[in-house]
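Chain and residue survey
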Amino acid sequence: MPDRRTPLISGNWKMHLNHFEALQTVQKLSYLLDGLLDGDESAAVEVSVHPPFTDLRTVQTAIETDRMDIVLGAQHCHWEEVGAFTGEVSPAMLAKLNVAYVIAGHSERRELFAETDEMVRRKAAAILAHGMTPIVCVGETLAEREAGSTEDKVTGQVRAALEGLAADAVGGLVVAYEPIWAIGTGRTASAEDAQAVCALVRATVADGWGQQPSATLRVQYGGSVKPGNAAELMSRPDIDGALVGGASLVSEDFAAIVRASRG
Ligand code: 13P
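First things first, this report covers the structure right here in the doc.

The rules behind each value
- Residues numbered from 1 in each chain as written.
- Predicted model: local features only at pLDDT ≥ 70, side-chain atom pairs only at ≥ 80, totals over all residues.
- Heavy atoms only, no water.
- Helix = DSSP H or I, 4+ residues; strand = E, 2+ residues; numbered from the N terminus.
- Rg over C-alpha atoms; globule rule 2.2 N^0.38 Å.
- Contact = heavy atoms within 4.5 Å.
- Areas by Shrake-Rupley, 256 points an atom, 1.4 Å probe, with all protein chains shown as cover.
- Lys, Arg positive; Asp, Glu negative; His and termini not counted.
- Charge placed at Lys NZ, Arg CZ, Asp CG, Glu CD.
- Near = heavy atom within 4 Å.
- Polar contact = N/O pair within 3.5 Å; in protein donor to acceptor, adjacent residues only side chain to side chain.
- Nonpolar A, V, L, I, M, F, W, Y, C, P; charged D, E, K, R; others polar.
- Disulfide = S-S within 2.5 Å.
- Buried < 20%, exposed > 50% of the residue type's maximum accessible area, 1.4 Å probe, protein only.
- Pairing = 2+ DSSP bridges.
- Expected span 1.5 Å × (residues − 1).
- Arc of directions from axis to C-beta.
- Phe/Tyr/Trp six-rings, centres within 6.5 Å; stacked < 30°, edge-to-face > 60°.
- Lys NZ or Arg CZ within 6 Å of the ring centre and 35° of its normal.
- Axes fitted to C-alpha atoms, helices over the stretch in contact; angles between N-to-C directions.

Helix and strand counts for the protein chain come out as twelve helices and eight strands. Taking 2.2 N^0.38 as the reference for a compact globule, 263 residues should give roughly 18 Å; the C-alpha atoms of the protein chain span a radius of gyration of 17 Å, in line with that estimate. Counting only C-alpha atoms and orienting by the principal axes, one finds that the protein chain spans roughly 45 × 45 × 35 Å. In the protein chain, of all internal contacts separated by at least 6 residues, the share reaching a separation of at least 24 is 74%. Summed over its atoms, the accessible surface of the protein chain is roughly 11500 Å², and 51% of this surface lies on carbon and sulfur atoms. Each charge class in the protein chain can be summarised by its mean position, and for the 22 positive and 35 negative side chains these summaries are 1 Å apart.

Right, let's talk about the site of the ligand for a bit. Around the ligand, a shell composed of 13 residues is seen, among which Lys14, His106, Gly184, Ser224 and Gly246 lie nearest. Within the backbone of glycine 245, an N or O atom sits 2.9 Å from an oxygen atom of the ligand. Contact between the ligand and glycine 246: an oxygen atom at 2.8 Å from a main-chain N or O atom of the residue. Alone, the ligand offers 300 Å² of accessible surface; in the complex the protein occludes 97% of this. Its residues placed into classes, the shell around the ligand shows four nonpolar, seven polar and two charged.

To continue, consider the state of the cysteines. With the rule as written, the count across this model stands at zero disulfides. In this model cysteine 137 remains outside any disulfide bridge; the closest cysteine sulfur is found in cysteine 198, 12 Å from its own. Overall, cysteine 137 belongs to the buried group, its relative accessible area being 2%.

For a regular strand, the rule is simple: side chains alternate between the two faces of the sheet. Burial along strand β8 (residues 241-244) is two-sided: Gly241 and Leu243 and Ala242 and Val244, pointing in opposite directions, are all buried. In terms of strand pairing, strand β1 (residues 8-12) meets β8 through four bridges, oriented parallel. In the sheet register, serine 10 faces β8, and the bridge partner there is leucine 243. Where strand β7 (residues 218-222) lies against β8, two bridges are found, and the strand directions are parallel. Opposite tyrosine 221, over in β8, you have alanine 242 as the bridge partner.

Residue pairs spaced three or four apart in an α-helix point in one direction, given the helix's 3.6 residues per turn. Spanning 14 residues, helix α1 (residues 19-32) covers 20 Å between terminal C-alpha atoms, matching the ideal 20 Å at 1.5 Å per step. Those residues of α1 not exposed but buried are Ala22, Thr25, Val26 and Leu29. End-on, the buried residues of α1 take up no more than an arc of 95 degrees, which puts them together on one face. Facing away from the buried side of α1 by more than 90 degrees, the exposed set consists of Phe20, Gln24 and Tyr31. Where α1 is buried, its residues contact β2 (46-50), α2 (56-65) and α12 (251-260).

To continue, consider the packing of aromatic side chains. Enumeration over the complete set of coordinates arrives at one aromatic pair. In this arrangement the basic side chain of arginine 109 is found over the ring face of phenylalanine 113, its NZ or CZ atom lying 4.4 Å from the centre.

What follows covers the sheet that holds β7. Read around the closed barrel, the eight strands follow the order β1-β2-β3-β4-β5-β6-β7-β8; overall the barrel is parallel. Shown here is a sheet whose adjacent strand axes are inclined to one another by a mean of 25 degrees, direction ignored. Where strand β4 (residues 101-104) meets strand β5 (residues 133-138), four bridges bridge the pair, whose relative direction is parallel. Paired with alanine 104 across the strands is valine 136, a residue of β5.

This paragraph deals with helix α7 (residues 150-162). Here α7 is 13 residues long and its end C-alpha atoms lie 18 Å apart, about the 18 Å a rise of 1.5 Å per residue gives. Directly beyond the C-terminal end of α7, a positive phi value near 85 degrees is found at glycine 164.

Take serine 90: it is sitting in the loop between β3 (71-74) and α3 (91-96). Among residues more than four places away in sequence, those in contact with serine 90 are Cys77, His78, Glu80 and Glu81.

What follows is the structure, encoded as structure tokens:
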């Protein structure tokens, strides 16, 4: 069992920043994080950025040329390796760009692009098969929270997304708990509520895949994470990082969130 799970702070840029703006943003972020990510083990934090597809090659080149400690991520992919899927990008293409983390099942994809649990499951398996790590997003709507069905919704999404995966694969995964009512609204789940659902995600994994993977799985919280609330959220035992939208577009804010997440 690990003494400490290394927190993962991920910036989901969504459909923001063209490739020129992306380059400036990652360079500024790297400058602001200088010396922060390669400290001693007990304070280590991992940072990923998830630009739009059109920016990936530019950001990859910047990260590798300048030997940044930042890791490249993507926001989405298809599950097939190649084929007639107009507009889609395959996990093999992302792996070729040294993408390490791919978001799967973000609520915006589920709600606006009709992604189902079954599609998220296929994507998670395909991402793993190409040597990358899925960040599987789960979370309830406001109506579901008010109806008291948060627990059912989140456990159901976790089970469906990870179904069929081996325990050791599950142990290396990232699950992001993102209550839909907290995304882009400025309304954050309280640290107690976020901790309770992140613990529930871990318990669901323990129940289905065993203690070992549940102890190493990382669970992020996402939904209006800002410099002012990050430290409190990250201090909770089952919250192992953050999936950050709006604040990740402002390098100073994102760097402050990373700083607040150090052990
Ligand atoms: P905000 O941080 O803008 O609320 O977005 C959260 C999110 O959806 C990250 O994936």
